[in-house]
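Observations on chain architecture
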Amino acid sequence: MTNNFLTTIKSLKLIEGCKAAQLYALSSVGATASTSGSGDAGGGSSRPQPPPPPKAISMRSGSLYYPHAAPSTSGAFVPEPHLPCGLPVADALEPALDACLRPVDHVAALAASYRRVSAATAEGGEDDLCDAYLEQHALFQSMGDARLLRRALRAARVHAGDPHRRAVLAAWLRYERREDELDPAPPPLAPCTDTTPLLECPRAAVFAGVSAGVDPVCPCRRPPPAAASASSFSDDETNDLWFIIGEEEVACERSSIASLSKPLNTLLYGGFAEAQRDRIDFSRDGITPRGMRAVAAYSRHGRVNDFPPDTISQLLAFANRFCCDGLKAACDGELAAMVRGADDAHSLIDVGLEEASHLLVASCLQAFLRELPGSLTNPDVSRLLCSPEGRERLDAAGNASFALYYFLSQVAMEQDAKSNTTVMLLERMSECAERPWQRQLALHQLGCVMLGRGEFEDAQEWFEAAVAEGHVYSLAGEARAKYKRGHKYAAYKLMSSVVGEYDEPAGWMYQERSLYCVGKEKLADLSSATELDPTMTFPYKYRACAMLEEDKAASAIEEIGKVIGFKMATDCLELRAWFYLALEEYELAVQDVRAVLTLEPGYMMFHGRMHGEQLIELLRGQLQQWDMADCWMQLYDRWSAVDDIGSLAVVQQMLSREPGNSSLRFRQSLLLLRLNCQKAAMRSLRYARNSSLHEHERLVYEGWILYDSGHRDEALAKAEQSISLQRSFEAFFLKAYALGDSSMDTESSLSVVQLLEHANSCASDNLRKGQAYNNMGSIYVDCDMLDEAAECYGIALNIKHTRAHQGLARVHYLKNRKQAAFDEMTKLVRIATNSASAYEKRSEYGERDAAMTDLNTATILDPTRTYPYRYRAAVLMDENKEEEAIAELSGAIAFKPDLQLLHLRAAFFESMGDGASTLRDCEAALCLDPTHGDTLELYSKASKRPEPES
């Protein structure tokens, strides 16, 4: 079977010439580039030298040993007989540059941002406040917290002071939330649904008036204005002026026409000859008789909504020619209201641009933005948005801004960071940049894009410009560009100067310098990088590959497993699968491949050479074959063993057999939520909804989509509607979950328990019933009904809901049986050996030494959990070790600026009398959550404290 597998792989030509093209870029390009310093954009490349003779290593694969050749310039990976693309080579790995603002001192940057928001709020400058929140959005990008990013965008939208910015930010909010909608592709300017946030309403964005803020009533939900009756207009129209246009005369009222603008008043009542005439020739003024009759009607009645678009366009041109501000505003608003979709926008955008109609252009622009990313493929739209001439036309109509191109460039980079469209949008973004942070962001992103395109000389220039604006992280890009151009020592020297310049270097500085080192120096830099920032994946990947090359396969798998334990990164899962393939551990390799495909269904393995499903098919003969019954047993066992990745792989395997199984899609979403993969979970939930064959099931899945997107009441209504059609476990469970997500008294809590009992009376499997009993136990604990809680947890454990150990431990603790609680959690720890949360929870029931041991283990397993740092720091403060306590918190804050960590460090500084540090940490914490009560209280207290005398 192995021969068949190898034959198939060879037939696909995957072994020959496989080059790194997706995850692990060739860092050896710089080594092969010309060192003459010519500075070509492409870096220049010398003729590849033949590789050295194969070096035998004891890379064991079953009972065979395979030679492992050193990397050559023709490919990053050396083929092995049993591997599609050989083994990954450590020195060919290269981390991606972050295409976002990355301050050296996150805390200082967050604190400064909070002060800018506070100052803009005090001064009442809405434009400044909108810009301040956009800056926060840019700062939050490097933190990767979707909740913070959305909050900053929402705040910017609230304080947007003109229709253009409101339209841009409303469209951006809608774009970020596009996967949360039940209808994934509504018309771009369709009326809002009951679940559409008001901040995203397209009509509210354009027609909210000139003031900032948000109208409390959505315009889409207002009744249409009553039409004016014919009797409201006077029949006694006085015609004392006629405009001659060609062969026709248009009757008007002189005083009404004169009231339209000062120039017309001067024309008709000033010292011009026309003031003495009752007939004036307007044949050369670019208006038709029909258009002039509309002008006459507007001058008498002040309305334009009775005219067709082409007539209103003539009125608009007339208004511009004779400076009729009121008429222009009326025409602008009426035409803008006619834009209902992209087709209308295409037909009216030129009129708006030619007449500099602010609202009309904003409305057309909004239609294009709400069809992103597809609208960027339209040549006319792309020309308008991407070209310098298009930006000038938009600017003339008051519709070009940094916010617009910031949004567009983010969308373009998501789609294809190397495209010409991305480059042009970033260039327009840099042209609109006025503030230092805006220039830093635009220039740095241009550098990143050019680096990815292989235009290294241009990339270096953009990075240098970003550095000149004050963005230190762009030095990493500058060093990369120099290295790619063949200047390895210059790159090393540059990054060494960065490391040496700061008393407390950041982890990324050591990581970047490691790219230009070898041997022990490289490993030392990577070790420092991990110590300072354990969330960066590159050091783990490099060390793992290096271990594999040294025939330490088990250590390599353990090393890459460290990062997978707290970050579901597809590249790390793929790498571990690669290692398992090297050991011919095909079952484990396929498990990781299936997890990758769950996160990214279209993922291509081996640098774009093979789809994951294709690899699984090739390995089918090496795998144990399971039918659906076997899969259910495997899922039950792995779920009970708290093996989330294994469970995810089993569900993916079952879905490959039954892709339309909505119940499996729903379970997939639950697992993804547990693994903190929110985006993938929402995608699975949507698949479940779309593939459901029964109305009552579809309502449940819609309810969960609504609940997860913040619409609790609407989710509750969906659950009740589903129950009215058919009683089911999932409908009752959803209703109980939605009701339980609020402060409740004992009676309300027990009603939720009753709903969960109804759920368990319906048909379901033990996996879901165990979760219901576990939830019932939690509610009983909150109601201080400990015996009932213990009974529920016991039932859950009897059907192998292993996580119920945690709830039962809490019951023991509340009954003053601390040792029993510790022992109960030990049972969970023995099963979930790599669960940081299990160790963290057990620490609550152990003595201080045992608690410290558990928390240290939790930090090793998941360095992003903040409770262990806070506990250790509190212990150190109790022991009067103030500096050590501050250092404990600072180490975590350096890579994870967390609200609770910042608040605790601020409190420590306050107790030490360090007012300046207290204020800084409070301001940084309030930037993350401006409503945090304890921090607000501490900040107020520290602000009132007099500064010490110098």
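Residues numbered from 1 in each chain as written. Predicted model: local features only at pLDDT ≥ 70, side-chain atom pairs only at ≥ 80, totals over all residues. Heavy atoms only, no water.

The protein chain goes by BTB domain-containing protein in an unreviewed UniProt entry, where it is assigned to Urochloa decumbens. Per UniProt, the protein chain carries the Pathway (unreviewed entry) text "Protein modification; protein ubiquitination." (UniProt positions renumbered as here; feature names shortened; annotations may be inferred.)

1. Some thoughts on the overall build of the protein chain
On a plain count of helices and strands, the protein chain comes out with 49 helices and 6 strands. Scored against the burial criterion, the 950 residues of the protein chain give a buried share of 53%. In the structure as shown, the protein chain presents an accessible area of about 41500 Å², 49% of it carried by carbon and sulfur atoms. (Helix = DSSP H or I, 4+ residues; strand = E, 2+ residues; numbered from the N terminus. Buried < 20%, exposed > 50% of the residue type's maximum accessible area, 1.4 Å probe, protein only. Areas by Shrake-Rupley, 256 points an atom, 1.4 Å probe, with all protein chains shown as cover.)

2. Concerning the packing of aromatic side chains
What the rule picks out here adds up to 24 aromatic pairs. Aromatic side chains Trp578 and Phe606 sit 5.0 Å apart centroid to centroid with 70° between the ring planes, which places their arrangement in the edge-to-face category. With Trp578 in helix H27 (residues 570–582) and Phe606 in helix H29 (residues 605–608), this pair connects stretches of sequence that are 28 residues apart. The ring of Tyr540 is capped by Arg543, whose NZ or CZ atom sits 5.3 Å from the centre of that ring. (Phe/Tyr/Trp six-rings, centres within 6.5 Å; stacked < 30°, edge-to-face > 60°. Lys NZ or Arg CZ within 6 Å of the ring centre and 35° of its normal.)

3. Some words on the environment of Lys735
Here Lys735 lies in helix H37 (residues 729–740). The buried category is assigned to Lys735, whose relative accessible area is 19%. As a C-alpha pair, Lys735 and Gly703 span 32 residues in sequence and 9.0 Å in three-dimensional space. Excluding anything up to four places from it in sequence, Lys735 contacts Leu716, Ala719, Glu720, Ile723 and Leu755. (Contact = heavy atoms within 4.5 Å.)

4. Examining helix H39 (residues 766–782)
Over its 17 residues, H39 runs 24 Å from end to end, which matches the ideal 24 Å to within 8%, given 1.5 Å per residue. Taking burial as the measure, the 17 residues of H39 include 13 buried ones, the bulk of the element. Among the residues of H39, the N-terminal cap falls to Asp765, whose side-chain oxygen and the backbone nitrogen of Leu767 are separated by 2.9 Å. Among the residues trailing H39, Asp784 stands out with phi positive, at a value near 65°. (Expected span 1.5 Å × (residues − 1). Polar contact = N/O pair within 3.5 Å; in protein donor to acceptor, adjacent residues only side chain to side chain.)

5. Some details on the nonpolar core
Residues Met292 and Phe318 are the most contacted members of the largest nonpolar core, which totals 188 residues. The residues contacting Met292, other than those within four sequence positions of it, are Phe243, Ile245, Val250, Cys252, Phe282, Ile287 and Phe318. (Core = buried A, V, L, I, M, F, W, Y, C linked by side-chain atoms within 4.5 Å.)

6. Quick notes on the pairing of strand E3 (residues 241–245)
Burial along E3 is one-sided: Leu241, Phe243 and Ile245 are buried, while Trp242 and Ile244, pointing the other way, are not. Bridge count for E3 against strand E4 (residues 248–252) is 5 bridges, and the pairing is antiparallel. When the sheet's bridge partners are listed, Leu241 is paired in E4 with Cys252. Between E3 and E4, which follow one another and run antiparallel, lie 2 residues, and Gly246 among them has a positive phi close to 65°. Both E3 and strand E5 (residues 279–281) contribute to a ladder of 3 bridges, which runs parallel. What sits directly across from Trp242, in E5, is Arg279. (Pairing = 2+ DSSP bridges.)

7. Concerning the sheet that holds E3
An order of E4-E3-E5 is seen for the 3 strands of this open sheet, with the pairing classed as mixed. Each end of this open sheet is capped by a strand with a single partner; those strands are E4 and E5. This sheet shows a mean twist of 25° between the axes of neighbouring strands, independent of strand direction. Its contacts with the sheet put helix H10 (residues 289–301) on E3 and E4, and the angle it makes with E4 is roughly 5°. (Axes fitted to C-alpha atoms, helices over the stretch in contact; angles between N-to-C directions.)

8. Thoughts on the side chain of Glu910
Position of Glu910 among the secondary structure elements: in helix H47 (residues 899–912). Judged by relative accessible area, Glu910 falls into the buried class, the value being 14%. Among the polar contacts made by the side chain of Glu910, one reaches the side chain of Arg945 at a distance of 2.6 Å. Glu910 has contacts with Thr918, Leu938, Lys941 and Arg945, leaving out every residue within four places of it along the chain.

9. A closer look at the pattern of salt bridges
A full pass over the atoms with the stated rule returns 59 salt bridges. One salt bridge in this structure joins Glu427 and Arg428, with 3.8 Å as the shortest N-O distance. By relative accessible area, Glu427 is classed as partly exposed at 25%. Residue class for Arg428 comes out buried when judged on its relative accessible area of 4%. Arg689 is the partner of Glu702 in a salt bridge, and the nearest nitrogen-oxygen pair spans 3.0 Å. You can see Glu702 sitting in helix H35 (residues 695–708) and its partner Arg689 sitting in helix H34 (residues 678–691), a full 13 residues away along the chain. An identical accessibility class is assigned to Glu702 and Arg689; each is buried. (Salt bridge = Lys/Arg side-chain N within 4 Å of Asp/Glu carboxyl O.)

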